[in-house]
Protein chains: 2
Amino acid sequence: MSSQKSGTAAEPAMERRNGISLWRQIADQIRLAIGSGEFADRLPPEVVLAARFGVNRHTVRSAIAALEQEGVLRAEQGRGTFVKRKQKLAYPIGVRTRFSEGLRGQARDRRGVLLDHAVEASDQRTAEALNLAAGSQVLRLETVSEADGRPVSRATSFFDVARFSGLENHYRDSGSITIALKSLGILDYFRRMTLISARHASASDLSDLRLSPGAIVLVTVYVNVDAEGVPIQYSETRFAADLVELSVN
Amino acid sequence: MSSQKSGTAAEPAMERRNGISLWRQIADQIRLAIGSGEFADRLPPEVVLAARFGVNRHTVRSAIAALEQEGVLRAEQGRGTFVKRKQKLAYPIGVRTRFSEGLRGQARDRRGVLLDHAVEASDQRTAEALNLAAGSQVLRLETVSEADGRPVSRATSFFDVARFSGLENHYRDSGSITIALKSLGILDYFRRMTLISARHASASDLSDLRLSPGAIVLVTVYVNVDAEGVPIQYSETRFAADLVELSVN
DNA sequence: CAAATTTGTCTATTGATATATACAACCATA
DNA sequence: TATGGTTGTATATATCAATAGACAAATTTG
């Protein structure tokens with residue numbers, strides 16, 4: 001997509017005094033360029049990047065330092081700066097969306113970790129989504145899903161506690177919602193609805209997903225239903241946007 | 001979703017020295033709070049917000065100034081600060097995704113504006129997506145879609161010029177891809193695939209979508225096919241993420 | 001009208017960002 | 001081993017971001 005740079009001319013032109021520091025804007029640009037295949041395995045020299053973005057070399061260095069911290073780049077004195085991690089994961093969303101299945105072939109290890117759980121009174125939206133009486137008791141799970149040891153998404157999920165009591169233990173053991181539900185008699189389930197939005201990551205998501213401050217998350221809010229069409233799960237999942245893209249087929 | 005603040009304690013705690021200025025982080029928080037229904041029609045006084053976010057009143061004022069610029073807030077001396085625009089538009093994505101249909105009932109006027117068009121050699125990805133020989137001539141349309149006069153999305157679309165020569169004129173006249181395609185004999189079409197990601201808006205998208213610097217865009221890359229399943233359109237659309245959420249059913 | 005509440009403006013100070021310039025350290029290779 | 005290319009470090013300066021305190025201007029309320 002998008003137009004190519006012409007000659008030695010500068011990039012889209014970084015914006016100044018708009019609340020985002022230049023080094024962060026440049027870090028985002030570099031991350032983007034890596035994702036799109038340009039900068040396949042190593043970066044151009046710092047002076048070249050500085051010219052391209054129209055900024056001082058030190059500013060580029062700040063950007064590179066941030067991406068090093070983030071685990072995207074590795075700078076070696078005298079040699080150059082190299083790309084450690086490159087491609088985004090494609091996470092398919094559809095009627096039969098499942099985390100582990102979705103990333104099959106893109107990552108070897110795929111598992112979920114239970115951070116926290118609680119039984120509590122549902123708020124209005126949750127009760128509506130699960131088709132329960134307002135204020136009914138629901139089980140809330142706070143989870144992180146990892147691919148090859150790297151956290152890719154952070155979810156908050158609600159279940160009818162009357163039907164799914166003890167789900168948290170099955171999830172903790174298996175690291176999979178699909179398997180945990182199977183243990184409680186749900187052999188199959190389907191996604192009814194997904195809302196997708198994007199925002200800056202909250203402080204807690206930053207730490208759970210090990211992101212650099214200012215990172216973006218893709219947010220999916222969805223309802224899963226059983227074979228009879230009865231809602232069983234209402235969730236919000238935050239994906240690290242620099243690591244994942246969603247695909248709808 | 002998510003936990004509530006307790007008493008007078010400060011918010012998620014703004015992060016410092018991470019490339020995002022405090023006033024911008026706070027502006028994002030306020031925008032979020034408006035979207036989630038808190039701050040329904042007016043903001044708490046600046047001193048209260050300053051205490052809540054744990055910053056100086058002037059910093060809050062910078063955030064409010066940015067949101068005023070953006071058209072979200074309106075501050076009135078002596079009275080308070082009021083919300084001008086609140087709800088997000090829900091943009092449905094599915095087999096029969098169409099811009100105007102999707103926003104029916106959410107906005108009165110919905111139309112597309114042609115910014116630019118060109119006939120050029122396709123790059124590899126475009127040729128593959130449209131199932132053309134590499135380097136074939138394609139028609140590129142640069143468009144902005146508006147709802148009630150406000151730009152909500154910015155698209156770059158490619159068509160096989162051999163089949164859709166003159167499409168740009170039909171689009172300019174009608175403001176609709178669906179109608180333009182109909183004029184050229186495509187009575188119906190379907191979406192085959194959609195990829196969704198998120199990133200910071202580019203400088204040009206910022207201006208086309210009238211966004212504040214640092215804003216986020218939701219990006220959809222997709223292929224539309226005709227009734228026989230032949231690809232006809234390959235596009236990338238950038239949605240203003242503070243205005244739109246995508247829904248998948 | 002007076003008081004309280006709220007946004008708007010001003011001045012001063014501190015720390016983070018960004019620029020400019022110079023040079024050191026390290027690496028590849030001719 | 002000498003040279004050129006590259007990252008790392010240092011110093012100085014200017015601008016932006018954030019804090020602090022005080023007061024003006026407009027509006028609402030008693």
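Residues numbered from 1 in each chain as written. Chains lettered and ligands numbered in written order. Predicted model: local features only at pLDDT ≥ 70, side-chain atom pairs only at ≥ 80, totals over all residues. Heavy atoms only, no water.

**Observations regarding the overall build of chain A**
Thought 1: Broken down by element type, chain A carries nine helices and 10 strands.
Thought 2: Within chain A, buried positions represent 52% of all 249 residues.
Thought 3: Across chain A, the fraction of contacts at a sequence separation of at least 24, relative to all contacts at a separation of at least 6, is 56%.
Thought 4: Of the accessible surface of chain A, which amounts to about 11,500 Å², a share of 48% is contributed by carbon and sulfur atoms. (Helix = DSSP H or I, 4+ residues; strand = E, 2+ residues; numbered from the N terminus. Buried < 20%, exposed > 50% of the residue type's maximum accessible area, 1.4 Å probe, protein only. Contact = heavy atoms within 4.5 Å. Areas by Shrake-Rupley, 256 points an atom, 1.4 Å probe, with all protein chains shown as cover.)

**Thoughts on the interface of chain A and chain B**
Thought 1: Contact with chain A, which involves 41 residues of that partner, is made by 42 residues of chain B.
Thought 2: Surface buried jointly by chain A and chain B totals about 3,600 Å² across both partners, of which 64% is contributed by carbon and sulfur atoms.
Thought 3: Linking chain A with chain B are zero salt bridges, by the criterion used here.
Thought 4: Our enumeration of links across chain A and chain B arrives at five residue pairs in polar contact (both at pLDDT 80 or more).
Thought 5: For the side of chain A that touches chain B, the secondary structure elements donating two or more residues are α1 (22-35), β6 (150-160), β7 (189-200), α9 (203-208), β8 (216-226), β9 (231-240) and β10 (244-248) of chain A.
Thought 6: When residues in the side of chain A that touches chain B are grouped by element, the largest group, nine residues, is from β7 of chain A.
Thought 7: A class-by-class count of the residues in the side of chain A that touches chain B yields 21 nonpolar, 10 polar and 10 charged. (Buried area = accessible area lost by both parts, 1.4 Å probe. Salt bridge = Lys/Arg side-chain N within 4 Å of Asp/Glu carboxyl O. Polar contact = N/O pair within 3.5 Å; in protein donor to acceptor, adjacent residues only side chain to side chain. Nonpolar A, V, L, I, M, F, W, Y, C, P; charged D, E, K, R; others polar.)

**Notes on the side chain of Arg191 of chain B**
Residue and element names in this part refer to chain B.
Thought 1: Among the structural elements, Arg191 can be located in strand β7 (residues 189-200).
Thought 2: Buried Arg191, no salt bridge; nearest opposite-charge side chain is Asp188, N-O distance 12 Å.
Thought 3: With residues up to four places along the chain from it excluded, the contact list for Arg191 reads Ile93, Gly94, Val95, Thr97, Tyr222, Val223 and Asn224. (Lys, Arg positive; Asp, Glu negative; His and termini not counted.)

**Considerations on the protein's contact with DNA strand C**
Thought 1: Lining the immediate surroundings of DNA strand C are 25 residues, of which Leu22, Trp23, His58 and Thr59 of chain A together with Arg57 of chain B lie closest.
Thought 2: A share of 66% of the atoms of DNA strand C within 4 Å of the protein falls on sugar and phosphate groups.
Thought 3: One of the side-chain N or O atoms of Arg61 of chain B is found 3.1 Å from a phosphate oxygen in DNA strand C.
Thought 4: Among the secondary structure elements, those contributing two or more residues to the surface near DNA strand C are α1 and α3 (57-69) of chain A together with α3 (57-69), β1 (73-76) and β2 (80-83) of chain B.
Thought 5: Considering only residue class, the surface near DNA strand C consists of five nonpolar, 13 polar and seven charged. (Near = heavy atom within 4 Å.)

**Details of the protein's contact with DNA strand D**
Thought 1: If you check the shell around DNA strand D, you find 23 residues, and the closest are Arg57 and His58 of chain A together with Leu22, His58 and Thr59 of chain B.
Thought 2: With respect to DNA strand D, the side chain of Thr81 of chain A contributes an N or O atom lying 3.4 Å from a phosphate oxygen.
Thought 3: In this structure, a base oxygen belonging to DNA strand D sits 2.3 Å away from a side-chain N or O atom of His58 of chain B.
Thought 4: Counting residues per element, the ones that place at least two in the surface near DNA strand D are α3, β1 (73-76) and β2 (80-83) of chain A together with α1 (22-35) and α3 of chain B.

**Focus: the pattern of salt bridges**
Thought 1: Scanning all chains against the criterion turns up 29 salt bridges over all chains.
Thought 2: Its salt-bridge partner being Glu236 of chain A, residue Arg238 of chain A comes within 3.2 Å of it at the nearest N-O pair.
Thought 3: Between Asp188 of chain B and Arg98 of chain B there is a salt bridge; the shortest N-O distance is 3.0 Å. Linking Asp188 of chain B in the loop between α8 (177-183) and β7 with Arg98 of chain B in the loop between β3 (89-93) and α4 (99-102), this pair joins segments that are 90 residues apart in sequence.
Thought 4: Among the residues examined, Asp188 of chain B registers a relative accessible area of 27% and is labelled partly exposed.
Thought 5: Each of Glu120, Arg140, Glu142, Arg154 and Asp208 of chain A takes part in a single network of salt bridges with overlapping partners.

**Some words on the relation of the copies chain A and chain B**
Thought 1: Overlaying chain A on chain B yields an RMSD of 0.2 Å, the required transformation being a rotation through 180° with an accompanying axial translation of 0.1 Å. Read as a symmetry element, the transformation amounts to a two-fold axis. The rotation axis passes nearest to the C-alpha of Ile20 of chain A in chain A, at a distance of 2.3 Å.
Thought 2: The fraction of interface residues of chain A whose copies in chain B are also interface residues reaches 100%, indicating that both copies meet through the same surface. (Least-squares fit on C-alpha atoms with pLDDT ≥ 70 in both.)

**Let's talk about the sheet that holds strand β8 (residues 216-226) of chain B**
Each strand in a sheet pairs with another by means of backbone hydrogen bonds, the pair being arranged parallel or else antiparallel.
Thought 1: Pairing in this open sheet of eight strands is mixed, and the strands run β3(A)-β10(A)-β7(B)-β8(B)-β9(B)-β6(B)-β5(B)-β4(B) from one edge to the other. Edge positions in the open sheet fall to β3 (89-93) of chain A together with β4 (110-121) of chain B, since each of these has one partner strand only. When strand polarity is set aside, the average angle formed by the axes of neighbouring strands in this sheet is 20°. (Pairing = 2+ DSSP bridges. Axes fitted to C-alpha atoms, helices over the stretch in contact; angles between N-to-C directions.)

**Regarding the pairing of β1 of chain B**
Residues and elements named next belong to chain B.
Thought 1: As paired elements, β1 and β2 share four bridges and run antiparallel to each other. Paired with Arg74 across the bridge in β2 is Phe82.
Thought 2: The turn linking β1 back onto β2 is made up of three residues, and Gly78 within it adopts a positive phi angle of 85°.

**Some details on the packing of helix α2 (residues 46-53) of chain A against α3 of chain A**
All names here are of chain A.
Thought 1: Relative orientation of the contacting elements α2 and α3 amounts to 105°, with a least axis distance of 8 Å. In terms of axis orientation, α2 runs roughly perpendicular to α3. From α2, Glu46, Val47, Leu49 and Ala50 reach across to α3, where they touch Arg57, Val60, Arg61 and Ile64.
Thought 2: Per-class residue counts for the contact of α2 with α3 are five nonpolar, no polar and three charged. (Parallel < 35°, antiparallel > 145°, perpendicular 65-115°, else oblique.)

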